[in-house]
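# A structural walkthrough
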Protein chains: 4
Amino acid sequence: MIRFNCDYCEGAHQRILDKLVETNMEQTPGYGNDRFCAEAAQMIRDLCKAPEAAVHFLTGGTQANLTVIAAALRPHQGVLCSEAGHIAVHEAGAVEATGHKVLGLSAPDGKITAQQVKQAYVDHINDESYDQIVKPGLVYISQSTELGTTYSKAELEEMYRVCKECGLYLYVDGARLAYALGAEGMDVDFEVLAANCDVFYIGGTKVGALFGEAVVILNDALKTDFRYIMRQEGGLVAKGRLLGIQFSELLRDGFYIETGRRADRLADEIRKACEDRGYPFLVPNNTNQIFPVIPDAVLESWKDKYAFAYQCRVDESHSAVRFCTSWATRPEDVKALADDIRNS
Amino acid sequence: MIRFNCDYCEGAHQRILDKLVETNMEQTPGYGNDRFCAEAAQMIRDLCKAPEAAVHFLTGGTQANLTVIAAALRPHQGVLCSEAGHIAVHEAGAVEATGHKVLGLSAPDGKITAQQVKQAYVDHINDESYDQIVKPGLVYISQSTELGTTYSKAELEEMYRVCKECGLYLYVDGARLAYALGAEGMDVDFEVLAANCDVFYIGGTKVGALFGEAVVILNDALKTDFRYIMRQEGGLVAKGRLLGIQFSELLRDGFYIETGRRADRLADEIRKACEDRGYPFLVPNNTNQIFPVIPDAVLESWKDKYAFAYQCRVDESHSAVRFCTSWATRPEDVKALADDIRNS
Amino acid sequence: MIRFNCDYCEGAHQRILDKLVETNMEQTPGYGNDRFCAEAAQMIRDLCKAPEAAVHFLTGGTQANLTVIAAALRPHQGVLCSEAGHIAVHEAGAVEATGHKVLGLSAPDGKITAQQVKQAYVDHINDESYDQIVKPGLVYISQSTELGTTYSKAELEEMYRVCKECGLYLYVDGARLAYALGAEGMDVDFEVLAANCDVFYIGGTKVGALFGEAVVILNDALKTDFRYIMRQEGGLVAKGRLLGIQFSELLRDGFYIETGRRADRLADEIRKACEDRGYPFLVPNNTNQIFPVIPDAVLESWKDKYAFAYQCRVDESHSAVRFCTSWATRPEDVKALADDIRNS
Amino acid sequence: MIRFNCDYCEGAHQRILDKLVETNMEQTPGYGNDRFCAEAAQMIRDLCKAPEAAVHFLTGGTQANLTVIAAALRPHQGVLCSEAGHIAVHEAGAVEATGHKVLGLSAPDGKITAQQVKQAYVDHINDESYDQIVKPGLVYISQSTELGTTYSKAELEEMYRVCKECGLYLYVDGARLAYALGAEGMDVDFEVLAANCDVFYIGGTKVGALFGEAVVILNDALKTDFRYIMRQEGGLVAKGRLLGIQFSELLRDGFYIETGRRADRLADEIRKACEDRGYPFLVPNNTNQIFPVIPDAVLESWKDKYAFAYQCRVDESHSAVRFCTSWATRPEDVKALADDIRNS
């Protein structure tokens with residue numbers, strides 16, 4: 001079985017393991033107050049050209065999302081996001097469990113627009129019963145999105161401009177940030193991202209860390225007492241050093257984006273094979289997730305050879321599925337799949 | 001600086017690191033649906049002689065506590081525990097954030113008694129306004145406690161008998177379970193513990209895992225849909241294999257309790273030194289935490305050499321502090337401290 | 001200004017005021033433990049032919065909804081309802097504030113179907129990631145709905161059958177129950193309703209009480225400790241007698257449904273005038289809310305004479321609005337409006 | 001049976017009923033946007049000499065408390081109050097249900113001191129683990145307290161000074177404010193109160209309204225979006241006019257404090273009788289609640305004649321109980337009780 005079903009099927013980059021082994025018996029303070037976390041946080045501030053940014057390390061994406069949102073919002077405020085947003089669908093109601101409504105916006109390609117956000121804001125304030133309706137307080141987008149698409153620099157700038165105009169925080173879920181920043185033609189880097197949102201996170205888990213995400217807070221209003229809320233939500237790691245070590249290794253010398261780029265290029269090979277074979281895509285994109293529409297009979301024939309994720313039924317005899325490449329994907333496995341696609 | 005301030009200053013047991021390295025590139029399903037988690041869960045069921053137990057792996061202790069409590073209680077129910085209980089003091093209101101009140105009981109040595117629990121239950125049902133008062137729903141105890149003391153088999157049995165009589169769940173926080181089970185004269189093992197509570201967790205973080213706790217659910221009523229709530233609370237780890245691998249290594253061949261026993265014996269050396277020097281203890285105990293009362297001047301003189309935790313002021317010139325040994329403590333460091341205590 | 005904008009523009013039925021005045025200085029126990037509440041509860045059990053029903057009185061509809069839902073669900077469960085359901089739109093996130101997601105289903109006429117509920121259930125259990133997705137736990141419908149439509153006996157029976165099949169509670173919001181039960185051709189009465197759901201409430205506020213709703217719990221599983229949760233959510237009224245007195249007066253001798261029927265007949269006159277004039281309806285219905293589509297110029301000409309609610313824009317020059325009749329509507333005001341409609 | 005068990009045994013002042021009847025069929029907008037609420041709010045601002053105060057009307061005390069606290073605090077913040085505070089004991093965990101911990105301070109007479117608050121603040125910031133411990137965010141006091149005692153002007157001023165110094169909001173629960181302001185020798189009036197806290201509420205329910213409390217927000221930071229949170233918590237009344245009407249009647253021409261004063265004087269007669277008979281008080285006080293310590297045999301002999309509240313056991317044969325006078329207490333009933341006390 002070759003797994004293309006997600007980007008967290010393996011352990012971690014060898015360099016991370018090596019560093020964990022190397023530093024294993026060094027004694028450090030707990031809860032992120034160690035030299036490794038300090039070093040990683042500084043690397044992030046440098047990459048973002050954001051010397052005042054607050055950086056915190058959490059265990060996973062759902063944890064990061066719920067902690068940031070709980071920290072940012074007052075009780076009556078909700079989160080605008082794509083109807084297919086991770087927080088809207090796949091976090092078992094984590095945001096609601098902190099008391100906040102997720103306000104879904106239609107986004108067939110996974111991306112919401114600044115115009116949609118503006119409209120939601122306007123609709124709310126113009127409603128006669130506005131104060132009986134959840135007030136938008138934060139916009140959540142993913143870079144790349146759950147459908148593998150990305151926001152360009154211009155789109156981010158426009159989104160952030162609208163958010164500021166409407167008094168909304170902009171939060172970017174970067175679980176797959178490496179695969180976005182490494183995408184062909186992408187004009188967003190850490191610096192651009194940091195300049196165009198209030199808070200974002202740099203995904204580790206899906207980019208070859210054992211686990212861990214780095215939350216980067218740009219807006220001063222969101223910095224106060226963030227650690228308390230990490231603790232309250234169970235996201236403060238006792239051996240915080242583990243996260244500092246991993247992010248230092250991930251971010252050193254451009255390794256993070258390079259990791260994303262490599263996986264995106266491998267995904268391109270699968271995309272190319274689909275195109276050659278005439279399989280359309282549910283959503284065109286250029287990152288590490290590919291959503292081809294494939295005959296059910298073909299999918300059935302592959303089920304013992306490849307693991308992939310079922311996305312949705314398209315018609316009576318076709319389904320959209322998801323293939324993911326990752327930091328760990330082997331070129332020979334991609335070649336095998338591409339060949340099978342072409343020959344299907 | 002030699003750190004005795006906590007039991008999570010280092011990384012992990014070498015055997016855990018070795019296994020992580022060895023299995024690193026094996027592809028597995030995510031979220032704990034992998035062979036390593038299955039293996040570790042089975043080892044736990046075997047150790048507990050509880051073939052029907054549900055086992056789940058979470059990232060940390062606060063995460064485990066809040067998830068178990070949120071899963072177990074209805075909105076109006078609260079948790080009975082020691083006023084010094086971890087959930088009552090050091091989790092930044094994690095239980096309250098899930099909507100539940102922590103009902104503290106006085107426990108100078110860190111242990112609450114079955115009699116206290118029974119009294120709290122009786123007081124509640126006898127109150128004229130009982131349905132305007134938080135209803136106890138679960139009893140939380142720690143084994144070993146925050147003050148290093150332990151519950152004997154008889155105490156656990158009596159506590160569980162009372163809990164069942166009063167319709168209360170009994171939950172045992174085992175962050176330091178190894179240090180309890182390894183204590184001199186302890187008559188509780190995994191089997192006894194599993195037979196005398198509804199749910200408990202086996203601590204990994206403080207016993208030499210990189211991170212992770214294993215929640216063991218004995219009571220069927222608590223098993224339903226537990227994974228949803230893990231997800232909702234941000235405690236479901238994408239690369240769940242990491243926890244399966246670590247617990248397999250920790251639990252194999254008695255290693256877990258042996259680890260605790262070794263640390264307890266090292267702690268005994270520090271205890272002995274305190275006794276020799278005439279330093280009393282805030283609370284007598286026999287696990288890996290030691291709480292001697294020491295002159296402030298002596299503590300001051302040690303501050304660049306040893307890290308330890310401040311517990312409380314005892315009088316104008318004395319404070320109680322905490323020294324911890326752990327899975328990683330070096331005998332030579334214990335000897336150095338013991339000598340310094342005797343010579344102070 | 002004649003108000004047709006809602007059904008809570010006036011105080012209360014004269015018979016309610018009379019009874020409040022008459023009993024004013026009688027001393028009673030607080031919190032609903034008085035003879036008036038006992039009497040009203042028994043009247044409700046009799047009307048419902050549900051001798052084991054638990055009856056509780058709360059202050060308002062949002063309070064009733066959030067209390068019932070908080071009492072019924074575990075943390076990971078959500079509520080299936082119409083996208084236009086009151087809890088989904090107009091309660092400022094009250095359900096989310098208790099930690100639960102509202103799962104909206106498309107319902108252009110305000111009614112969801114048993115088939116939709118079944119499908120949502122099936123989709124959930126068939127999803128590969130089902131335990132990372134909010135689990136439906138309760139179905140919320142309104143009788144009459146937010147768009148003035150009603151569920152027939154057959155529809156309720158089918159809905160309840162499906163709910164039981166899927167392990168879902170069925171909860172009926174009866175804020176406007178009188179207007180539903182009094183509707184032309186309605187084959188649902190208290191008994192039918194009580195036999196076909198787990199819990200519902202009888203609306204007082206919109207049917208001529210000063211305030212108050214009566215929650216009727218049929219399913220034993222939902223009865224336990226409900227009063228605690230009323231208290232916790234701030235819905236337990238100190239002078240509970242006020243609610244007992246009001247519901248006794250409302251329900252005596254068929255007055256409640258008669259009140260609804262009268263308002264529905266007055267609404268029919270407005271409906272007839274719209275039909276005569278050729279104004280279509282956003283949604284056809286037969287209760288006390290009417291949603292005609294009217295030229296903006298006509299609406300503008302009425303704005304100082306009538307109060308009505310804006311519903312939505314239909315095209316460049318037409319809007320849908322809502323007119324409500326109520327227990328207090330005067331026939332002469334209806335005649336004036338009907339004449340103005342015909343002459344517009 | 002003569003009821004002295006609480007101050008909400010009867011309906012409402014006759015003037016309130018008269019006004020409700022008089023205005024019954026007047027049509028008004030809902031949700032407090034009516035002329036009666038505007039008038040009452042203005043009366044309150046005038047009484048408080050606080051022209052910028054925001055005034056909101058809610059249904060009851062628990063509702064007011066949980067709404068104010070939910071609106072004021074961030075997730076990791078808790079409430080400092082007396083261990084016997086209403087929110088700490090008798091609201092079934094309402095504050096915890098909004099996610100916040102109640103931090104109890106010892107207060108044998110029901111009053112906490114500015115010094116205690118300061119100490120709690122200092123202890124928190126000096127703790128090594130401060131960001132793992134709930135952060136105090138608001139101080140809750142009751143005027144009068146649950147034990148019938150009151151805060152003097154000097155005490156309020158000192159408390160507010162400390163709160164501002166420590167970055168804590170000061171919130172005063174005025175469920176029994178009339179009985180405090182009407183107490184013998186009281187130097188606090190509306191103006192003093194409003195000048196020495198961030199938010200308080202004027203109790204209606206216990207002072208002769210059918211129901212209702214008026215929240216008065218002085219601090220601008222607490223004003224934003226308060227109505228949303230009222231709605232979310234189920235505390236926004238559809239027929240808000242009812243609250244406006246009641247508070248206008250209660251507050252007109254000094255009636256509110258006069259009502260309190262009259263009840264306090266009647267309580268004095270009961271106090272005097274206890275003193276004459278030699279019954280000590282659990283807590284000395286001068287408002288409408290009296291807590292004498294009385295032989296159980298005497299209490300037993302009264303149980304069919306008087307209703308009173310059981311407070312606590314004092315010794316084997318004595319208990320402390322609570323007698324309340326109220327706006328509705330009849331002098332002849334007080335005389336009967338006083339005679340029975342003297343003759344017991």
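Everything numeric here is computed off the predicted structure, so don't read it as measured data.

In this structure, Phe200 of chain A together with Phe200 of chain B are the most contacted members of the largest nonpolar core, which totals 138 residues. Each residue touching Phe200 of chain A, except ones within four places of it in the same chain, is listed here: Cys48, Tyr171, Val172, Leu177, Leu193, Ala194, Ala214, Val215, Val216 and Leu218 of chain A. Listed in part, the 137 residues of the second largest apolar core include Ala107, Ile112 and Leu170 of chain C together with Ala114 of chain D.

The next point concerns the domain arrangement of chain A. Residue and element names in this part refer to chain A. What the domain assignment reports for chain A is domain 1 (2–7 + 256–342) and domain 2 (14–253). Each partner contributes residues to the interface: domain 1 has 21 residues there, and domain 2 has 28 residues. In total, about 1,900 Å² of surface goes out of reach between domain 1 and domain 2, with carbon and sulfur atoms giving 55% of it. The tally of links between domain 1 and domain 2 comes to two salt bridges.

Okay, the relation of the copies chain D and chain A next. The two chain copies are connected by a rotation around an axis plus a translation along it. The two copies are related by a screw motion: chain D maps onto chain A through a turn of 180° and a shift of 0.0 Å along the axis, at an RMSD of 0.0 Å. Here the copies are linked by what is in effect a two-fold axis. Closest approach to the rotation axis within chain D is made by the C-alpha atom of Arg74 of chain D, at a distance of 3.6 Å. A share of 100% of the interface residues of chain D reappears at the interface of chain A, consistent with the copies meeting face to face through the same patch.

Here we take up the relation of the copies chain D and chain C. Mapping chain D onto chain C leaves a residual RMSD of 0.0 Å; the transformation is a rotation of 180° accompanied by 0.0 Å of translation along its axis. Counting the interface residues of chain D, we find that 100% of their copies in chain C are interface residues as well, pointing to one common contact surface.

A complete count under the given rule lists 42 aromatic pairs over all chains for this structure. Considering the side-chain rings of Phe57 of chain A and Phe247 of chain A, the 5.5 Å spacing of their centres and the 35° angle between planes classify their relative orientation as tilted. Remark: Phe247 of chain A occurs in helix α11 (residues 241–251) and Phe57 of chain A occurs in strand β2 (residues 54–58); sequence separation between them is 190 residues. The two residues Phe57 of chain A and Phe247 of chain A agree in class, both being buried. When the ring of Phe190 of chain C is compared with that of Tyr256 of chain C, the centres are 6.0 Å apart and the planes differ by 40°; the resulting orientation is tilted. One end of the pair, Phe190 of chain C, is in helix α9 (residues 190–195); the other, Tyr256 of chain C, is in helix α12 (residues 255–277), and 66 residues separate them in sequence. For Phe190 of chain C, a relative accessible area of 5% puts it in the buried group. Residue classification places Tyr256 of chain C among the buried positions, given a relative accessible area of 1%. Feature note: the residues Phe4, Trp302, Tyr306, Phe308 and Phe323 of chain A constitute an aromatic cluster, connected by ring pairs. In this structure, Lys111 of chain A packs its charged tip against the face of Tyr151 of chain A, placed 5.5 Å from the ring centre. Over the face of the ring belonging to Phe255 of chain C we find Arg15 of chain C, whose NZ or CZ atom lies 3.9 Å from the ring centre.

The UniProt record marks residues 21–288 of chain A with the feature "domain: Aromatic amino acid beta-eliminating lyase/threonine aldolase" (unreviewed entry), using the residue numbering of this structure. From the first C-alpha to the last, residues 21–288 of chain A spans 30 Å; its make-up is 43% helix and 14% strand.

Residues and elements named next belong to chain A. Taking 1.5 Å of rise per residue, the 23 residues of helix α12 (residues 255–277) would be expected to cover 33 Å, and the 34 Å separating its terminal C-alpha atoms lies within 8% of that figure. Of the positions making up α12, those classed as buried are Tyr256, Ile257, Thr259, Gly260, Ala263, Asp264, Leu266, Ala267, Ile270, Arg271, Ala273 and Cys274. Where α12 is buried, its residues contact α8 (177–181), α9 (190–195), β7 (199–203), α11, β9 (289–290) and α14 (331–342). Within two residues after α12, Gly278 carries a phi angle of roughly 90°, on the positive side.

Let us now look at the environment of Asp264 of chain C. Residue and element names in this part refer to chain C. Mapped onto the fold, Asp264 is located in helix α12. Taking relative accessible area as the criterion, Asp264 reaches 0% and is therefore assigned buried. Between the C-alpha atom of Asp264 and that of Gln77, which follows or precedes it by 187 residues, the distance is 37 Å. Dropping the residues within four chain positions of it, Asp264 is found in contact with Tyr179, Gly182, Ala183, Arg271, Asn286, Thr287, Asn288 and Thr325.

Residue and element names in this part refer to chain B. Pairing is mixed across the open sheet formed by seven strands, whose spatial order is β2-β8-β7-β6-β5-β3-β4. Bordering the open sheet on either side are β2 (54–58) and β4 (102–105), each of which pairs with just one other strand. Ignoring which end each strand starts from, the neighbouring axes of this sheet average 25° apart. With four bridges connecting them, strand β3 (residues 77–82) and β4 associate as parallel partners. Its bridge partner being in β4, Leu80 is matched across the sheet by Leu103. Each of β2, β7 (199–203) and β8 (213–217) touches helix α2 (residues 35–48); the most contacted strand, β2, lies at about 125° to it.

Counting residues at the interface gives 21 residues for chain D and 21 residues for chain A. Summed over both partners, the interface of chain D with chain A comes to about 2,000 Å²; 43% of that surface belongs to carbon and sulfur atoms. Taken together, the links from chain D to chain A amount to four salt bridges. Applying the counting criterion to the chain D and chain A interface returns 16 residue pairs in polar contact (both at pLDDT 80 or more).

The next subject is the pattern of salt bridges. Applying the stated criterion to the full structure yields 111 salt bridges over all chains. Where Lys101 of chain C meets Glu96 of chain A, a salt bridge forms, and the shortest distance between an N and an O atom there is 2.8 Å. Within this pair, whereas Lys101 of chain C is found in the loop between α5 (94–97) and β4 (102–105), its partner Glu96 of chain A is found in helix α5 (residues 94–97), the two belonging to separate chains. Overall, Lys101 of chain C belongs to the buried group, its relative accessible area being 11%. Look at Glu96 of chain A and you get buried, because its relative accessible area is 1%. Put simply, Glu258 of chain C and Arg261 of chain C hold a salt bridge, and the shortest N to O gap is 3.1 Å. Remark: Arg261 of chain C and Glu258 of chain C occur in helix α12; sequence separation between them is three residues, near one turn of the helix. Among the ionic contacts, a cluster of salt bridges with common partners joins Arg15, Glu39, Glu249 and Arg252 of chain A.

Taken as a whole and judged by the stated rule, the model has zero disulfides over all chains. This cysteine, Cys37 of chain A, is not joined by any disulfide, and Cys6 of chain B carries the nearest cysteine sulfur, 14 Å off.

A few words on helix α14 (residues 331–342) of chain D. Compared with the 16 Å implied by 1.5 Å per residue over twelve residues, the 16 Å span of α14 of chain D between its first and last C-alpha is a close match. Considering only its buried residues, α14 of chain D is in contact with β1 (2–3), α12 (255–277), α13 (296–302), β11 (306–307) and β13 (318–324) of chain D.

What follows concerns the interface of chain D and chain C. With 48 residues of chain D in contact, the opposing surface of chain C contributes 48 residues. Summing both sides of the interface, chain D and chain C together bury roughly 3,900 Å²; the carbon and sulfur share of this comes to 53%. One can count zero salt bridges joining chain D with chain C. Our count for the chain D to chain C interface comes out at 28 residue pairs in polar contact (both at pLDDT 80 or more). Breaking the side of chain D that touches chain C down by element, the ones donating at least two residues are β1, α1 (14–22), α3 (61–72), α5 (94–97), α10 (226–232) and α11 (241–251) of chain D. No other element matches α1 of chain D, which puts four residues into the side of chain D that touches chain C. Here the side of chain D that touches chain C is built from residues that sort into 23 nonpolar, 17 polar and eight charged.

Rules and cut-offs
By convention here, each chain's residues receive numbers from 1 onward along its written sequence. Each chain is given a letter, starting from A, and each ligand a number, starting from 1, according to the order in which they appear as written. Thresholds applied to this predicted model are a pLDDT of at least 70 for local features of residues and 80 or more for the giving and counting of side-chain atom pairs; totals over whole chains, interfaces and linings are not thresholded and use all residues. Based on all heavy atoms of the structure, the side-chain values leave hydrogens and waters out of the count. For this analysis, a nonpolar core means a set of buried residues of the types Ala, Val, Leu, Ile, Met, Phe, Trp, Tyr and Cys, connected via side-chain atoms within 4.5 Å. When accessible area is computed with a 1.4 Å probe and restricted to protein chains, residues below 20% of their type maximum are described as buried, those above 50% as exposed, and intermediate ones as partly exposed. In this analysis, two residues are considered to be in contact whenever any of their non-hydrogen atoms come within 4.5 Å of each other. Where each domain starts and ends follows an automatic or database-derived domain assignment. Buried area adds together the accessible area that both of two parts lose upon being put together, with accessible area traced by a 1.4 Å probe. Every case where a carboxyl oxygen of Asp or Glu lies within 4 Å of a side-chain nitrogen of Lys or Arg is listed as a salt bridge. Alignment of the copies relies on least squares applied to C-alpha atoms, considering only residues that score at least 70 for pLDDT in both. For Phe, Tyr and Trp, where Trp contributes only its six-membered ring, two rings pair if their centres lie within 6.5 Å, and the inter-plane angle classes them as stacked under 30 degrees, edge-to-face over 60, or tilted in between. Counting from the N terminus, the helices are the DSSP runs of H or I reaching at least four residues and the strands are the DSSP runs of E reaching at least two. Here, a charge over a ring is recorded when the distance from Lys NZ or Arg CZ to the ring centre is within 6 Å and its angle to the ring normal is within 35 degrees. UniProt positions are given in the numbering used here, feature names are shortened, and annotations may be inferred rather than shown by experiment. Each residue after the first adds 1.5 Å to the expected span of a helix. Criterion used throughout: strands pair if DSSP finds at least two bridges between them. Lines fitted to C-alpha atoms define the axes here, with helix axes fitted over just the stretch in contact, and angles between the N-to-C directions of these axes take values from 0 to 180 degrees. Distance and chemistry together define a polar contact, namely a pair of N or O atoms within 3.5 Å, with one atom able to donate a hydrogen and the other to accept it when in protein, and with adjacent residues in sequence counting only for side-chain atoms on both sides. Put simply, a disulfide is two cysteine sulfurs that come within 2.5 Å. Nonpolar residues are Ala, Val, Leu, Ile, Met, Phe, Trp, Tyr, Cys and Pro. Charged residues are Asp, Glu, Lys and Arg, and all others, Gly as well, are polar.

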